[in-house]
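Observations on the model geometry
Okay, here's what each chain looks like letter by letter:
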Amino acid sequence: MQKVAVRSNGHYSSEIIPPETSATSSNQAITAFNILTYQRRVLPILLAWATGSITAGWLWWRSEHSFWRGFGIQFLGWGAIDGLLALAGLRGVAKTHAKFIGELPTAENARQTKRLEVIFWVNAGLDVLYMVGGKWLIDRPSTSSSKLDRRGMGWGVIFQSLFLFFFDLINALLLNSKRG
């Protein structure tokens, strides 16, 4: 919280402004979007999803049923990749935070916001392709011994891609609204 002096009717008074706002010359508080703060809030969600995916995937992978083994393999793999991406992102945020001492210049904040928005849009498109690939795994003709494994893998891909699609789409839309 920041305490600022506000002039009203010729008198000064103290007003507490939350950290993400600042006082303007017209004595109104405006919200300042900080991409670093946004990333520090969003990346732990991806990390939690990754942790849950790895845990569930490990349990399913140990199943005696080939469908669930295939499903579990996908959860293990996607969870590991999502976890690495989330950790790398958090590390990058920490480095950028240290470089700019926590407060990005307006132009740099806008540049990084646009860059992250584009990444989310591209990933949302890729997520749709992953779902199509998962459907292909489910429908692909095969011998009966491997069909259940592949169906489990296909459903695992679809389930993981569906979560990531909504995660990427929501974040792309939110960042677009912050830039607009």
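Residues numbered from 1 in each chain as written. Predicted model: local features only at pLDDT ≥ 70, side-chain atom pairs only at ≥ 80, totals over all residues. Heavy atoms only, no water.

1. A word on the packing of helix α1 (residues 35-61) against helix α2 (residues 66-99)
One can describe the packing of α1 onto α2 by two numbers: an axis separation of 7 Å at closest approach and a directional angle of 155°. One way to sum up the angle between α1 and α2 is to call them roughly antiparallel. For α1 against α2, the interelement crossing comes out left-handed. Its residues assigned to classes, the contact of α1 with α2 shows 22 nonpolar, nine polar and three charged. (Axes fitted to C-alpha atoms, helices over the stretch in contact; angles between N-to-C directions. Helix = DSSP H or I, 4+ residues; strand = E, 2+ residues; numbered from the N terminus. Parallel < 35°, antiparallel > 145°, perpendicular 65-115°, else oblique. Left-handed = near helix turned anticlockwise from the far one by under 90°. Nonpolar A, V, L, I, M, F, W, Y, C, P; charged D, E, K, R; others polar.)

2. Regarding the packing of α1 against helix α3 (residues 106-139)
Direction vectors running N to C along α1 and α3 enclose 35°, while the axes themselves pass 9 Å from each other. Contact residues: α1 offers Ile35, Leu36, Gln39 and Val42, while α3 offers Asn109, Gln112, Thr113, Leu116 and Phe120. Its residues assigned to classes, the contact of α1 with α3 shows five nonpolar, four polar and no charged. (Contact = heavy atoms within 4.5 Å.)

3. Description of the nonpolar core
Buried together is how nonpolar side chains tend to be arranged in soluble globular proteins. Ranked by size, the top nonpolar core spans 18 residues in total, and within it Ile35, Phe120 and Leu175 carry the most contacts. For this core, the secondary-structure elements that each account for two or more residues are α1, α2, α3 and α4 (144-179). Ranked by residue count, the leading element in this core is α1, at six residues. Among residues more than four places away in sequence, those in contact with Leu175 are Phe33, Ile35, Tyr38, Thr113, Leu116, Glu117 and Phe120. (Core = buried A, V, L, I, M, F, W, Y, C linked by side-chain atoms within 4.5 Å. Buried < 20%, exposed > 50% of the residue type's maximum accessible area, 1.4 Å probe, protein only.)

4. Observations concerning the pattern of salt bridges
Within the structure shown, the criterion is met by three salt bridges. Between Glu108 and Arg111 there is a salt bridge, with its nearest N and O atoms 2.8 Å apart. In this pair, Glu108 and Arg111 are both assigned in helix α3, three residues apart and thus about one turn of the helix distant. What makes Glu108 buried here is its relative accessible area of 17%. Linking Asp139 and Lys135 is a salt bridge whose minimum nitrogen-to-oxygen distance equals 2.6 Å. Of this pair, Asp139 and Lys135 are both found in helix α3, four residues apart, which corresponds to roughly one turn of the helix. According to the relative accessible area criterion, Asp139 is partly exposed, its value standing at 46%. (Salt bridge = Lys/Arg side-chain N within 4 Å of Asp/Glu carboxyl O.)

In short, shape yes, function no, at least from these values alone.
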